[in-house]
Amino acid sequence: MSFLIEHNVPSRKLTSLGAGGDIFTHVKISHPNDFKELHFLSKKDNIRLFALGNGTNLLLPDENSSYFLISTAISMPCTFEKNKHQYLVTVACSLPLPVFLAELASKGLKGFEGLAGIPGTVGGAIAMNAGSYGVEIGTKLAQIELWSLKNGLEIIKAKDFRTAYRSFEFDGSDDFWLAFQASFLFTEIDTKENIKKNMQHYKSLKQATQPVKARSAGCIFKNPPQQTAGKLLDEAGMKNISRGNFTFSDLHANFLVNTAKENEISVAADALELIALAKEKVFNKFNINLETEVCIL
Ligand SMILES: Cc1cc2nc3c(=O)[nH]c(=O)nc-3n(C[C@H](O)[C@H](O)[C@H](O)COP(=O)(O)OP(=O)(O)OC[C@H]3O[C@@H](n4cnc5c(N)ncnc54)[C@H](O)[C@@H]3O)c2cc1C
């Protein structure tokens, strides 16, 4: 078995938001053959599996009842295959999204510039169908290779998955699954310089409007149809409202930021209380039920 198992990892080290006081077992899968061990693990009493990318969209609890967090760490180079006017790009899902975007820019492949500035892994971005400035990662996804508790190793092709705003589903995706490799199809090209310039443009827009340097999980709530959650939260008076170490940002009201000093424990219950308060305030003022975007374990 070439599992990499780390016990006693404090939850605050596993996510960008840094909430939670408890410890977790973190398992890294470095070869597709290792997945069968996961099956045995899942059969052990009281162990539940949860897929972890870079934890940039995740709120972990104060008490870990039974979860093992599972990531992939399969190293493989990004490959590019040209077929007439199409380019098939295959990447490891553990690759950080910013590194993937830099690879695309270096090959002059156009289409994902709006995703610049989104942290996390390619796998996490697929699971969330991450997007910004009108671009969603799922739109160019041709297939993913994954392991699921239900079917073991499988390849899911574009015709067999469904993407929507911050949602990615296929038959069996409601149970544990972990993507380890993905292929994307690109049809448009541009110069490296133009692509890099556009990526920088979108990054600068984010830096000007979002607390990108603070500890956060990105947007806490999804935007309701024809509305932006940030504006609703701002108008409901949530900017600068705090509980414990968590505050809704003054710069962007949909960002919950953790202001703790290093090694200080930030209680997930405080973050949950603020999230519940924000939902209540928005509902009372606008009769709109905000849905969380952040994954809450
Ligand atoms: C400053 C900041 C800005 C952000 N801006 C944006 C933005 O503009 N747009 C946007 O969409 N998001 C944004 N996010 C949120 C976040 O970065 C994205 O959702 C990101 O794609 C999550 O990737 P991750 O690897 O960190 O996933 P994690 O947070 O680790 O996990 C998120 C979900 O994906 C699942 N998952 C992770 N990896 C895998 C895998 N390999 N296989 C199966 N499931 C997996 C997890 O189980 C979980 O349900 C932002 C976050 C921050 C901190």
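Quick note: structure is the one above.
Note that the coordinates shown come from a computational prediction; the quantities given were computed from them, not determined experimentally.

Reading the values: rules and limits
- Counting of residues starts from 1 at the beginning of each chain's written sequence and follows it residue by residue.
- Reporting in this predicted model follows two pLDDT cut-offs: at least 70 for local features of residues, and 80 or more for side-chain atom pairs to be given and counted; totals over whole chains, interfaces and linings ignore these cut-offs and use all residues.
- Each helix corresponds to a stretch of at least 4 residues labelled H or I by DSSP, and each strand to a stretch of at least 2 residues labelled E; elements are numbered beginning at the N terminus.
- Put simply, the radius of gyration uses C-alpha atoms, and a globule should come to 2.2 Å times the residue count raised to 0.38.
- Remark: C-beta atoms are placed from the backbone, and a residue is labelled buried if 20 or more other C-beta atoms sit within 10 Å of its own, exposed if 12 or fewer do, or partly exposed between those counts.
- Think of a nonpolar core as buried Ala, Val, Leu, Ile, Met, Phe, Trp, Tyr and Cys residues, each tied to the set through C-beta atoms within 7 Å.
- Residues are defined as contacting one another if the C-beta atoms placed from their backbone atoms lie within 7 Å.
- For each residue, a C-beta atom is placed from the backbone, and the residue is labelled near a molecule or strand when this atom is within 6 Å of it.
- Side-chain classes follow a simple rule in which Ala, Val, Leu, Ile, Met, Phe, Trp, Tyr, Cys and Pro form the nonpolar group, Asp, Glu, Lys and Arg form the charged group, and the remainder, Gly included, forms the polar group.
- As used throughout, domain bounds are those supplied by an automatic or database domain assignment.

Colleague: Summarise the overall build of the chain; cite the residues concerned and give the values.
Modeller: Each helix and strand in the chain was counted, giving 6 helices and 18 strands. The globule rule puts the C-alpha radius of gyration for 297 residues at 19 Å, and the 19 Å found for the chain is close to it. Dimensions of the chain along its principal axes, counting C-alpha atoms only, are 55 × 50 × 35 Å. Evaluated residue by residue, the chain yields a buried proportion of 36% over its 297 residues.

Colleague: Residue-level account of the nonpolar core, with values.
Modeller: Grouped together as the largest cluster of nonpolar side chains are 75 residues, with contacts concentrated most on Leu59, Ile70, Leu101, Val122, Ile126, Ala182 and Leu233. Ranked by the residues each element gives to this core, the list is headed by strand β14 (residues 177-186), at 7 residues. Residue contacts for leucine 101: discarding those within four places in its chain leaves Phe112, Leu115, Ala116 and Met199.

Colleague: Account for the site of the ligand, naming residues and giving values.
Modeller: Around the ligand lies a shell of 32 residues, among which Gly53, Gly120, Gly123, Gly124 and Gly218 are the nearest. Mapped by element, the contributors of at least two residues to the shell around the ligand are β3 (48-51), α3 (122-128), β8 (131-132) and β14. It is α3 that contributes the most residues to the shell around the ligand, 5 residues altogether. The class makeup of the residues in the shell around the ligand is 17 nonpolar, 15 polar and no charged. Looking at which domains feed residues into the shell around the ligand, each of domain 1 (4-72) and domain 2 (79-209) gives three or more.

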